[in-house]
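# A look at the structure
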Amino acid sequence: MFIKKLTKFVLSGMLLGAIAVAPACKKGGGGGGDLTPPAAPEYESSFDEMKDIPNQIDVQVKWITQPIDDAHNLGGEFNALKDSLQISAEDLGAMASASFKDGKIEVSADLSIADDKKAEVEAFLGKVQAAGEAVAGIPKRAQKVSGWLVKMPMKVPGLAKKALDEQKAKLEAAVGDVKIEVQANIEMIPNLQTEIIEKSKATVGDVKNIPADSKDKIAELALAFSGKGEFKASTGGDEEEAGGDEDLGGDEDLGGDEEAGGEEEAGGEEEAGEEEAAE
C-alpha cells in the first residue's frame, strides 16, 4: 500500500515537472527567440560612453523589431525552395505558415516530396519556426528596452560626473590643440546629459507602442509565409516591397495573433528587475 502511494506521488511529481519544462504556447503570450539585447561596446572613457548613448538608444529600438526584418529576409529562400520542389507557394506556405504560427515542423505527406529534399524542407521550416518565436518575442523586447530607457536618466548624472572628472584630469596635463579639445569636451558634457535624458524619455512612449504598431506588419509577414503575400526586403528597418506594391493586408488572421500586443505594457514594468539591455 505504501509503495503504491509512493509510486503515485512520484508519477505526479514527474508529470508536474514535465508541465513545468514544457515550452510555453505562443498564444499564451510567452514570446521567444533570443531576448538578449545588443551589448554596448567597450569604451575607453566615460565621456566616450556618454557620446555613444544616443546611438545605443537607436540600436536598442531597432533590436525590438529586427525579427520582422529577419523573417522577411527568409523570402528568397522560400521562393528558391518552392521552385526547387516545383510546388506552389500555397503548398509550401501551408507548411511554413504552421511553422511560423504554431512552431510545427512537418513535411506534408500529400506533396510527395523526395526523401533527399525532406531534410532541406525541414531545415527551412526550422528557420521559419525560429523566426516566428522571435517575432512573438517583440513585446518582451519592448519591455526590456523600455525598462532600460527609464533607468537611463537616473544613470546619466553619475556617468556625467565621471566623464567630467576624467576630462578635468586630462585638462591639467593638456597643451595646445589637445587642451582646446578637452575644454570643448568639458563644455559638451552638460549638453550631452540633457540630450540623453530627453531622448530617453521621448523614446519610452514610442517603444511602448511598438508591439501594437507592429501587428499589421506581422500580419503581412504571416500572409507571406502562407504563400498568399509578398516578402519585403528590409533596408535599415524600413521595409521596401520586394515584389510589387500591392497591399498585403492587415486583415489576415495571425493564427492566435501572436499578440505582439497583449502583454506589452512594457513601460510599467520598467522593473528594475528586468536587467535590461546594454548596461
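It should be noted that the structure appears before, not after, this text.
As a starting point, this report considers the structure included with it. (Residues numbered from 1 in each chain as written. Predicted model: local features only at pLDDT ≥ 70, side-chain atom pairs only at ≥ 80, totals over all residues. Heavy atoms only, no water.)

Moving on to the overall build of the chain. Counting secondary structure elements, the chain contains eight helices and two strands. Relative to its 279 residues, the chain shows a buried fraction of 41%. Put simply, the chain shows about 15,000 Å² of open surface, and 53% of that area lies on carbon and sulfur atoms. (Helix = DSSP H or I, 4+ residues; strand = E, 2+ residues; numbered from the N terminus. Buried < 20%, exposed > 50% of the residue type's maximum accessible area, 1.4 Å probe, protein only. Areas by Shrake-Rupley, 256 points an atom, 1.4 Å probe, with all protein chains shown as cover.)

To continue, consider the pattern of salt bridges. For the structure shown, the criterion picks out nine salt bridges. Between D69 and K62 there is a salt bridge, and its shortest N-O distance comes to 2.4 Å. Assessed through its relative accessible area of 2%, D69 is described here as buried. When its relative accessible area of 25% is taken as the criterion, K62 is described as partly exposed. (Salt bridge = Lys/Arg side-chain N within 4 Å of Asp/Glu carboxyl O.)

Ranked by internal contacts, the top residues of the largest apolar core, which has 48 residues, are M50, I64, M95, V121, F124 and F225. Among the elements that take part in this core, helix 6 (residues 138-173) stands out by supplying ten residues, more than any other. Apart from the residues within four sequence positions on either side, F124 is in contact with L74, E77, F78, L81 and A96. (Core = buried A, V, L, I, M, F, W, Y, C linked by side-chain atoms within 4.5 Å. Contact = heavy atoms within 4.5 Å.)

Counted according to the given criterion, the structure contains four aromatic pairs. Judged by centre distance (5.4 Å) and plane angle (55 degrees), the ring pair of F78 and F231 falls under tilted. Of this pair, F78 sits in helix 3 (residues 75-85) while F231 sits in the loop between helix 8 (215-225) and strand 1 (232-235); the two residues are 153 residues apart in sequence, bridging distant segments of the chain. Each of the two residues, F78 as well as F231, counts as buried. A connected cluster of aromatic rings, assembled from ring pairs, spans F78, F100, F124, F225 and F231. (Phe/Tyr/Trp six-rings, centres within 6.5 Å; stacked < 30°, edge-to-face > 60°.)

Here we come to helix 5 (residues 115-136). Helical geometry note: an α-helix holds 3.6 residues per turn, so side chains three or four residues apart project in the same direction. For helix 5, spanning 22 residues, the distance from its first C-alpha to its last is 32 Å, which sits close to the expected 32 Å at 1.5 Å a residue. Those residues of helix 5 not exposed but buried are V121, F124, L125, V128, A131, G132, A134, V135 and A136. Taken together, the buried residues of helix 5 touch helix 2 (46-72), helix 3, helix 4 (89-102), helix 6 and helix 8. (Expected span 1.5 Å × (residues − 1).)

Interhelical geometry of helix 6 versus helix 7 (residues 176-213) gives an angle of 170 degrees and a closest axis separation of 9 Å. Accordingly, the angle class assigned to the pair helix 6 and helix 7 is roughly antiparallel. Of the residues that constitute the contact of helix 6 with helix 7, the class distribution is 23 nonpolar, seven polar and five charged. (Axes fitted to C-alpha atoms, helices over the stretch in contact; angles between N-to-C directions. Parallel < 35°, antiparallel > 145°, perpendicular 65-115°, else oblique. Nonpolar A, V, L, I, M, F, W, Y, C, P; charged D, E, K, R; others polar.)

Here we come to helix 8. Of all eleven residues that make up helix 8, eight are buried, and the element is covered over most of its length. Among all positions of helix 8, only I218, A219, E220, L221, A222, L223, A224 and F225 are buried. Residue G227 follows helix 8 closely and has a positive phi angle near 90 degrees.

The residue K144 is located in helix 6 in this model. The exposure class assigned to K144 is buried, which follows from its relative accessible area of 15%. K144 sits 80 residues away from I64 along the chain, and the two C-alpha atoms are 9.2 Å apart.

Just geometry here; none of it tells us what the structure is for.
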